[in-house]
Amino acid sequence: MSNDLSGKSALVTGASGGLGLHFARLLARHGVEVTLAARRQSALDQAGSDIVAAGGTAKYLLLNVADAASVADALDGRHFDILINNAGVSGAGPAADLAETEWDAVLDTNLKGVFLVAQAVARGMRAAGTGGAIVNIASILGHRVAGGVSAYAASKAGVIQLTKALALEWAPDRIRVNALCPGYIETEINRDFFATEAGLNLIKRIPQRRLGRPEELDGALLLLASSAGSYITGSTIEVDGGHLVSSL
Ligand SMILES: NC(=O)c1ccc[n+]([C@@H]2O[C@H](COP(=O)([O-])OP(=O)(O)OC[C@H]3O[C@@H](n4cnc5c(N)ncnc54)[C@H](OP(=O)(O)O)[C@@H]3O)[C@@H](O)[C@H]2O)c1
């Protein structure tokens, strides 16, 4: 059993930036032929070119995970060994004021989108008879709650339960389905927030008293994506500096 991934193919959704781009670069460094997917073509083009310039193999395709027709157009007839089901949106605001459109946008992207892409990729894996590894990117907010993130927390709890349901159904096809639950990871998008008083107070509640770095997710991602994790399915791995065990 090893985490050797060379020669494998992977689809990474939400790879136009943030953690998805980080995961795509990571897999490419491990010899994976990576297909980056998201909605912003120029960002995908740039990301793919950067990976190729660094010696990797990368393509991209345009995809709106929340739209079944877009998923079918992009993925029907394709085969991947690995899916990193990462595309997601945050959508913060008090539950009492949350508009239906906002709820739908978060649930359609984070939960329905994860389902649609997993379904399309699993069809390709089943048709090829190759098995495969699906890693759904959930969140510690799928386990616990915070104020102002009701739709997001509900969507991520749904991803965790969906992961288990798909793992059960697809185990006979040798398709493993697991979830990675990051805690608060510093990226360009949230760096400014974590410098504010509210952000600094949040960091104080993390047992390790710091944010995670994207590369601190690498070990768990490679384990779940590779044959090193061949007997792991229907599981979640939390990478959160101990946030889930913070004192009540
Ligand atoms: N950063 C954290 O601390 C953290 C913690 C826990 C969990 N997570 C999860 O990790 C994942 C990535 O988060 P991030 O922080 O990297 O977010 P991000 O920087 O905002 O990136 C989100 C990515 O998702 C894509 N995306 C959004 N809606 C999409 C849609 N409808 N169809 C296709 N692609 C879509 C975006 O690309 P386009 O705009 O080009 O479509 C972008 O590439 C999310 O699932 C998030 O919930 C993040």
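Structure's up top.
Residues numbered from 1 in each chain as written. Predicted model: local features only at pLDDT ≥ 70, side-chain atom pairs only at ≥ 80, totals over all residues. Heavy atoms only, no water.

Asks: What's the story with the overall build of the protein chain in this structure? I'm lost.
Replies: Helices and strands together make up the secondary structure of the protein chain, namely eight helices and seven strands. Computed over C-alpha atoms, the radius of gyration of the protein chain comes to 17 Å, within 12% of the 18 Å expected from 2.2 N^0.38 for 248 residues, which places it in the range of a compact globule. Principal-axis analysis of the C-alpha atoms gives the protein chain an extent of 50 × 40 × 35 Å. At a minimum sequence separation of 6, the contacts of the protein chain that also span at least 24 residues come to 71%. A total of about 11,800 Å² of accessible surface is found on the protein chain, and carbon and sulfur atoms cover 52% of it. Across the protein chain, the mean location of the 21 positive side-chain charges is 5 Å away from that of the 24 negative side-chain charges. (Helix = DSSP H or I, 4+ residues; strand = E, 2+ residues; numbered from the N terminus. Rg over C-alpha atoms; globule rule 2.2 N^0.38 Å. Contact = heavy atoms within 4.5 Å. Areas by Shrake-Rupley, 256 points an atom, 1.4 Å probe, with all protein chains shown as cover. Lys, Arg positive; Asp, Glu negative; His and termini not counted. Charge placed at Lys NZ, Arg CZ, Asp CG, Glu CD.)

Asks: In this structure, what is going on with the pattern of salt bridges? I would like to understand it.
Replies: Two side chains that carry opposite charge are able to pair once their charged atoms sit near each other. This model, assessed by the stated rule, comprises six salt bridges. In this structure, Glu186 engages Arg191 in a salt bridge whose closest nitrogen and oxygen atoms are separated by 3.0 Å. According to the relative accessible area criterion, Glu186 is partly exposed, its value standing at 28%. Taken together, the shared-partner salt bridges connect Arg210, Arg213, Glu215 and Glu216 into one network. (Salt bridge = Lys/Arg side-chain N within 4 Å of Asp/Glu carboxyl O. Buried < 20%, exposed > 50% of the residue type's maximum accessible area, 1.4 Å probe, protein only.)

Asks: I'm lost on the packing of helix α1 (residues 18-29) against helix α2 (residues 41-53) in this one. Help?
Replies: Packed helix pairs are characterised by how far apart their axes lie and by the angle those axes make with each other. At a closest axis distance of 10 Å, the pairing of α1 and α2 adopts a crossing angle of 25 degrees. Judged on the interaxial angle alone, α2 and α1 are roughly parallel. You can see that α1 and α2 cross each other, and the crossing is right-handed. Two secondary-structure elements touch here, α1 through Leu21, Ala24, Arg25 and Ala28 and α2 through Ala47, Asp50 and Ile51. (Axes fitted to C-alpha atoms, helices over the stretch in contact; angles between N-to-C directions. Parallel < 35°, antiparallel > 145°, perpendicular 65-115°, else oblique. Left-handed = near helix turned anticlockwise from the far one by under 90°.)

Asks: Teacher, can you tell me more about the environment of Ala96 here?
Replies: Its location among the elements puts Ala96 in the loop between β4 (82-85) and α4 (100-128). Relative accessible area serves as the criterion here: at 78%, Ala96 is assigned to the exposed category. In sequence terms Ala96 and Gly148 are 52 residues apart; their C-alpha atoms lie 9.4 Å from each other.

Asks: Hey, could you run me through the packing of aromatic side chains in this one?
Replies: Scanning all chains against the criterion turns up two aromatic pairs. Ring centres 5.8 Å apart and planes at 75 degrees place the aromatic pair Tyr184 and Phe194 in the edge-to-face group. With a gap of 10 residues between them, Tyr184 in the loop between β6 (175-182) and α6 (191-194) and Phe194 in helix α6 connect regions that are remote in the sequence. In this structure Phe194 comes out as buried when scored by relative accessible area, which is 5%. Judged by centre distance (5.1 Å) and plane angle (65 degrees), the ring pair of Phe193 and Phe194 falls under edge-to-face. According to the relative accessible area criterion, Phe193 is partly exposed, its value standing at 38%. Each member of the aromatic cluster is reached from another via a ring pair, and the members are Tyr184, Phe193 and Phe194. (Phe/Tyr/Trp six-rings, centres within 6.5 Å; stacked < 30°, edge-to-face > 60°.)

Asks: What is the right way to look at the pairing of strand β3 (residues 57-62) in this model?
Replies: Remark: a regular strand shows side chains that alternate across the two faces of the sheet. The pairing of strand β2 (residues 33-38) with β3 spans six bridges and is classified as parallel. Across the sheet, residue Glu33 finds its bridge partner in β3, namely Thr57. On the question of chirality, the crossover connecting β2 to the parallel β3 by way of α2 is right-handed. (Pairing = 2+ DSSP bridges. Right-handed = clockwise from strand over helix to strand, strands pointing away.)

Asks: Whenever I open this one, the side chain of Asp218 confuses me. Can you help?
Replies: By the secondary structure assignment, Asp218 is in helix α8 (residues 218-225). Of the buried charged residues, Asp218 lacks a salt bridge, with Arg29 as the closest side chain of opposite charge at 4.4 Å. Side-chain polar atoms of Asp218 contact the side chain of His22, separated by 2.7 Å. For Asp218, the contacting residues outside a window of four places in its chain are His22, Leu26 and Arg29. (Polar contact = N/O pair within 3.5 Å; in protein donor to acceptor, adjacent residues only side chain to side chain.)

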